[in-house]
Amino acid sequence: MPCFDTISSQDLARGAVLLGTGGGGDPHVGELFLRRQLQRGLQPRLLPLAELADEAFVVSVAGIGAPTVLVEHLLSEAALQHLLQQAEAFYARPIDALICAEVGGANAMLPLAAAALSGLPLVDADGIGRAFPHIDMTTFGIHGCSASPALFSDDLGNLARLSAVDNPSLEHMVRALAASLGGSLYGVLYPLSGAQAKRFAVAGSITQALRIGRHIREARAGSADPVAGLVRFLDGLEPGRRARELFDGKVADVRHETRDGFHWGQVLLEPASGSGEAVVIDIQNEFLRARQGERVLAVVPDLLCLLDSESAEPLTAENLRYGMRVRLLAYAAPPCLLSEAALAVVGPARFGLDSPWRSFLADDQGRAPA
């Protein structure tokens, strides 16, 4: 397991942005928070999923709210420590390990910092293999695990204990709570046994994010085209998962709106060459769908990633600005998200999109789409 330092924490943050597909919260604040723990000599411990005891008690730690709000908040050590202490009293048992609800964005960094602060190990896994905007959008939820009872706090230490009849109901309750407490919360949720975590979590996702971030950093020094190199790297990273570059362009228009606890938006990309058809990307915290005219280039649960054209730096949705030169990547979703049961929870229809899921590789003949 890696020993974290400033470089590795930056690598992890970069990889988490890519896996966050534009959402999950800007990891820069989370990376600074983790770096502070490292500077104090507090080193987080990563626990391989297979080594987790079946009888262990595991909970997810996550930031919840609109990424546009999360980036404006400094993380509070006192509030996070208080939340974890209250969680043990709430569940009436010691917590044995933490796990990421999602590996994307700040929600990969916050649990690692929480592990450093608390001394608890962080399982090298997560609940979705990317980022999604709803609490119930996890492999845990897909397989019937309840996200509640759950505990939530703002950065002032206000606490709310919630129990819901199902995960979508908890999602509605938490969004209302977040709106009343400034737009962002910390949460301890998805109380699981070690056996449940081993059955349903996406294994190795923290080290995967670290490897992706490290590759991007090293490719800048050794490649004339780090974006193309990243596509090749992702294409061979996991059996059965492929990556493709879909578009090379610039941001011609971008709309941002914070509403109902989410960041909503739409991005218009024009071709870098100045000719050809534009691409539109729909956003709800994450990049959900890329369209070129009537043609859908890629759609959830496949991962859509926007990268800086020259540096291959992954970009978050809330930080997109007019004139940025970007390249659009698609990375196939983990196979566990493509079952009928999973698509009912994380497929296009769940976001109100009228595009059925179809792999961006369906017409692939070894070439990037035109």
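Above this text you will find the structure in question.
Bear in mind that the values here come from a model prediction, so they are computed numbers and not experimental data.

In terms of helices and strands, the protein chain carries 11 helices and 15 strands. Taking 370 residues into account, the globule formula puts the C-alpha radius of gyration at 21 Å, and the protein chain, at 19 Å, falls close to it. Overall, the C-alpha framework of the protein chain stretches about 60 × 40 × 35 Å when taken along its three principal axes. Scored against the burial criterion, the 370 residues of the protein chain give a buried share of 59%. Across the protein chain, the fraction of contacts at a sequence separation of at least 24, relative to all contacts at a separation of at least 6, is 73%. Carbon and sulfur atoms form 50% of the exposed surface of the protein chain, whose accessible area is close to 14,300 Å². Between the averaged position of the 31 positive side-chain charges in the protein chain and that of its 42 negative side-chain charges there is a distance of 3 Å.

Attention now goes to the nonpolar core. One finds Leu98, Ile212, Leu230 and Leu234 to be the most contacted residues of the largest nonpolar core, which totals 54 residues. Ranked by residues supplied to this core, first place goes to helix H5 (residues 106-118) with eight residues. When residues no more than four places from it in sequence are discounted, the contact partners of Ile212 are Gly15, Leu18, Leu19, Leu230, Phe233, Leu234 and Leu237. Membership of the second largest hydrophobic core comes to 32 residues, among which are Ala56, Ala160, Leu177 and Ala178.

Further remarks concern helix H4 (residues 77-91). Three- or four-residue spacings in an α-helix give side chains the same orientation, since the helix completes a turn every 3.6 residues. Here H4 contains 15 residues, and its C-alpha end-to-end distance of 21 Å stays within 8% of the 21 Å for a straight helix at 1.5 Å per residue. Taken residue by residue, H4 has Glu77, Ala79, Leu80, Leu83, Leu84, Ala87 and Tyr91 as its buried positions. Residue Ala92 follows H4 closely and has a positive phi angle near 60°.

Once that is clear, we can look at the pairing of strand S12 (residues 286-292). Among the seven residues of S12, six are classified as buried, and the element is accordingly described as predominantly covered. Of the pairings in the sheet, the one linking strand S11 (residues 279-284) to S12 comprises five bridges and is antiparallel in character. Paired with Asp282 across the strands is Arg289, a residue of S12. Between the antiparallel neighbours S11 and S12 lie one residue, among them Asn285 with a positive phi of about 65°. Across four bridges, S12 lies against strand S13 (residues 295-299) in antiparallel orientation. Opposite Arg291, over in S13, you have Val296 as the bridge partner.

Scanning all chains against the criterion turns up four aromatic pairs. Summarising the aromatic geometry, the rings of Phe57 and Tyr91 are spaced 5.4 Å apart at their centres and angled 70° between planes, so their arrangement reads as edge-to-face. Taken together, the residues span a long stretch of sequence, with Phe57 in strand S2 (residues 57-65) and Tyr91 in helix H4 at a distance of 34 residues. The burial state of Phe57 is the same as that of Tyr91; both residues are buried. Through pairs of rings, three or more aromatic residues link up here, namely Phe57, Phe90 and Tyr91. Positioned above the aromatic ring of Phe132 is the side chain of Arg130, whose terminal nitrogen or guanidinium carbon lies 4.0 Å from the ring centre. Taking the ring centre of Tyr331 as reference, the NZ or CZ of Arg241 above it sits at 4.1 Å.

Rules of the game
- Residues numbered from 1 in each chain as written.
- Predicted model: local features only at pLDDT ≥ 70, side-chain atom pairs only at ≥ 80, totals over all residues.
- Heavy atoms only, no water.
- Helix = DSSP H or I, 4+ residues; strand = E, 2+ residues; numbered from the N terminus.
- Rg over C-alpha atoms; globule rule 2.2 N^0.38 Å.
- Buried < 20%, exposed > 50% of the residue type's maximum accessible area, 1.4 Å probe, protein only.
- Contact = heavy atoms within 4.5 Å.
- Areas by Shrake-Rupley, 256 points an atom, 1.4 Å probe, with all protein chains shown as cover.
- Lys, Arg positive; Asp, Glu negative; His and termini not counted.
- Charge placed at Lys NZ, Arg CZ, Asp CG, Glu CD.
- Core = buried A, V, L, I, M, F, W, Y, C linked by side-chain atoms within 4.5 Å.
- Expected span 1.5 Å × (residues − 1).
- Pairing = 2+ DSSP bridges.
- Phe/Tyr/Trp six-rings, centres within 6.5 Å; stacked < 30°, edge-to-face > 60°.
- Lys NZ or Arg CZ within 6 Å of the ring centre and 35° of its normal.

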